[in-house]
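Examination of the molecular architecture
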Amino acid sequence: MSHRLFVGIRPPAAIRDALIDLMEGVDGARWQDEDQLHLTLRFIGEVDSHQADELAGRLHAANCPSPELTVRGVGTFAKKGRAHTLWAGIENSPELQRLQRRVERICVNAGIEPERRKYHPHITLARLNRSTGPLDPFLLRHQGLRLGPWQGEDYILYEAFLRPEGSFYEPVVRYPLEPRP
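Reading the values: rules and limits
- In every chain, residue numbers begin from 1 and rise along the written sequence.
- Per-residue local features are limited, in this predicted model, to residues with pLDDT of at least 70; the limit for side-chain atom pairs, both in listing and counting, is 80 or more; totals at the level of whole chains, interfaces and linings are taken over all residues.
- To get the side-chain values, all heavy atoms of the structure are used, and hydrogens and water are removed first.
- Counting from the N terminus, the helices are DSSP H or I runs at least four residues long and the strands are E runs at least two residues long.
- For a compact globule the rule gives 2.2 Å times the number of residues to the power 0.38, and the radius of gyration it is set against comes from C-alpha atoms.
- Per-residue accessibility, obtained with a 1.4 Å probe over protein chains only, is compared with the maximum for each type, and a residue is labelled buried under 20%, exposed over 50%, and partly exposed between these values.
- Where accessible areas are quoted, they stem from the Shrake-Rupley method and a 1.4 Å probe; at the residue level, only the protein chains shown are allowed to cover.
- Positive charges come from Lys and Arg alone, negative charges from Asp and Glu alone, with His and the N- and C-terminal ends not counted.
- To locate a charge, the coordinates of NZ of Lys, CZ of Arg, CG of Asp or CD of Glu are taken.
- Only buried residues count toward a nonpolar core. Its members are Ala, Val, Leu, Ile, Met, Phe, Trp, Tyr and Cys residues joined through side-chain atoms within 4.5 Å.
- Residue contacts are counted whenever heavy atoms from the two residues lie within 4.5 Å of one another.
- We call a pair of cysteine sulfur atoms a disulfide when they lie within 2.5 Å.
- For patch detection, residues must exceed 30% relative accessible area and be free of salt bridges, and they are connected within 9 Å for like charges or within 5 Å for nonpolar side chains (Val, Leu, Ile, Met, Phe, Trp, Tyr).
- A pairing counts as a salt bridge when a side-chain nitrogen of Lys or Arg comes within 4 Å of a carboxyl oxygen of Asp or Glu.
- Two strands make a pair as long as DSSP finds a minimum of two bridges between them.

Across its full length, the chain holds 4 helices and 9 strands. At 16 Å, the chain has a C-alpha radius of gyration in line with the 16 Å of a compact globule built from 181 residues. Projected onto its principal axes, the C-alpha positions of the chain cover 45 × 40 × 25 Å. Across the 181 residues that make up the chain, the buried fraction comes to 48%. Summed over its atoms, the accessible surface of the chain is roughly 9,800 Å², and 50% of this surface lies on carbon and sulfur atoms. In the chain, which carries 24 positive and 24 negative side-chain charges, the distance between the mean positions of the two groups comes to 7 Å.

Structure representation (structure tokens):
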């Protein structure tokens, strides 16, 4: 049996609520629901049950102080000039980079291919396709977005289930972060 996994941090309810309140004004966008909102530390992809169990056990070692997290601005990811993802950015910090690098190292040590893309901390707001309406009004309206800061209480190993109506993310294991002094 294979499992589609990723590691992420779930924003607190107040941040999720504020992000949900932004989700309008782009025709044809497939907006994320409240249960889908997370900051990805590492997308893992498909692994077998043995590798999933090994990774779940190893991820305890990534623990470090909770990074201070702040949502800042919005943007898109594009492929071949066409936007496919609308996101809210997360300010990068040395603490967040340290946690992300530790998670990456654990994944590689568990036999998962290294991530080749540069880490860009964000929370996905919507999936886009060819029928999506203009994005510029949304991007201009929310370019000054700032939410937080907040402290993550834990990082989570999630399993993603792909469904026709959208992905469902189930927390598998929660790993506490060390509180900041």
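Picking up after the structure, the text goes on.
Counting residues in each nonpolar core, the largest one holds 48 residues, and the members touching the most others are Leu 19, Leu 41, Ile 44, Leu 55, Val 71, Tyr 155 and Leu 157. Ranked by the residues each element gives to this core, the list is headed by helix H3 (residues 94–109), at 5 residues. The residues contacting Leu 157, other than those within four sequence positions of it, are Leu 5, Phe 6, Val 7, Ile 44, Leu 55, Ala 56, Leu 59, Glu 170, Pro 171, Val 172, Val 173 and Tyr 175. Ranked by size, the runner-up nonpolar core spans 5 residues in total, among them Phe 6, Tyr 158, Ala 160 and Tyr 169.

Time to look at the state of the cysteines. By the definition in use, this model includes 0 disulfides. Here Cys 64 is not cross-linked by a disulfide; its sulfur's nearest cysteine counterpart is in Cys 107, at 14 Å. Taking the relative accessible area as the measure of exposure, Cys 107 reaches 0% and is therefore buried.

The next thing to look at is a positive patch on the surface. Taken together, the side chains of Arg 98, Arg 101, Arg 105 and Arg 180 present a region of like positive charge at the surface. For Arg 105, a relative accessible area of 48% corresponds to the partly exposed category.

The buried fraction of strand S1 (residues 2–9) is high, at 6 of 8 residues. Sheet topology note: the S1/strand S3 (residues 39–48) ladder contains 8 bridges and is antiparallel. Across the sheet, residue Ser 2 finds its bridge partner in S3, namely Asp 48. Looking at chain direction, S1 and strand S8 (residues 154–161) are connected through 4 bridges and run antiparallel. Residue pairing in the sheet places Val 7 in a bridge with Leu 157 of S8.

Just distances and angles here, no functional claims.
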